[in-house]
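Observations on the model geometry
Each chain is listed here by its residues.
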Amino acid sequence: MEEKVFWINSTKLPCQGVGPMTCLQIQEGAEIEEGKWLNFFSNIEGFDYKLGNIYRIKVNVEQLPPPIPADASSLRYTLIEVISEKPDLTLRITNIWRLESIGEMKNPTGMDKPLIFEFNAEEGGIFGFSGCNTVRGPITKLTETEIEFGNLMSTMMACPQAEMILERGVTQAFSEIKKYKIENNRLYLSTNDGTPLMILRNVD
């Protein structure tokens, strides 16, 4: 029997055990490392997990005697203590947001439609309408204050020049975003030095 300390992430993800399931995401180590979460296929006895919280817990790990069923773990994990539990503030960005301003332009529209974007912190992605085409892409970095996006994939529609210029501006802005904050139902996106790029309002 040994003791281990795990970080437990705020969301579960689909994983493949004997069949499709959802797995806790865990790490060991003194600090959480971005992108280092691992699927955890077992149960932790006595652990009352709630989605939306990040945990640090201490567990007992016990080797079970044979025979062990083919679909079961050879280890039993039992909670000793919850060292810390705090809400995962990055999940606040998971929402549907309407673009209120980009640079000096207020309430931009493309093809007479507002620009709407859906952010998903759990899946690490964004999807939306950028003025002419729909775009989707990965969120490559997300902390409580920092956010970065990977290359946005776009449909290939041709639109009037004004919409194409707006769309290029939106795509360029997403590539430069490094910081964010959420206040009063608004999402503020900025460069590393705090230069504002976009303001979006949540869609109720």
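Notes on the structure in this doc start here. (Residues numbered from 1 in each chain as written. Predicted model: local features only at pLDDT ≥ 70, side-chain atom pairs only at ≥ 80, totals over all residues. Heavy atoms only, no water.)

With that settled, the discussion passes to unusual backbone geometry. That bond from P66 to P67 is cis: its omega, 0°, falls within 30 degrees of zero. Examined against the element boundaries, P67 turns out to sit in the loop between β6 (53-63) and β7 (75-87). One non-glycine residue, N107, lies in the positive phi region at around 45°. Its place among the elements puts N107 in the loop between β9 (105-106) and β10 (109-110). (Helix = DSSP H or I, 4+ residues; strand = E, 2+ residues; numbered from the N terminus.)

Before going further, it helps to examine helix α1 (residues 161-176). Taking 1.5 Å as the rise per residue, α1 with 16 residues should run 22 Å; its terminal C-alpha atoms sit 23 Å apart, in good agreement. All of the buried residues in α1 are E163, L166, E167, V170, A173 and F174. Burial along α1 is one-sided: seen end-on, the buried residues are contained in an arc of 125°. Projecting away from the buried face of α1 at angles above 90 degrees are the exposed residues Q161 and R168. (Expected span 1.5 Å × (residues − 1). Buried < 20%, exposed > 50% of the residue type's maximum accessible area, 1.4 Å probe, protein only. Arc of directions from axis to C-beta.)

For strand β1 (residues 2-8) and strand β3 (residues 20-27), the ladder comprises 2 bridges, and the chain directions are antiparallel. Bridge assignment links W7 to a residue of β3, and that residue is Q27. Taken together, the 4 bridges between strand β2 (residues 13-16) and β3 define a ladder with antiparallel strand orientation. Counted as the bridge partner of Q16 is P20 from β3. Remark: 3 residues form the turn of the hairpin made by β2 and β3, two consecutive strands paired antiparallel. (Pairing = 2+ DSSP bridges.)

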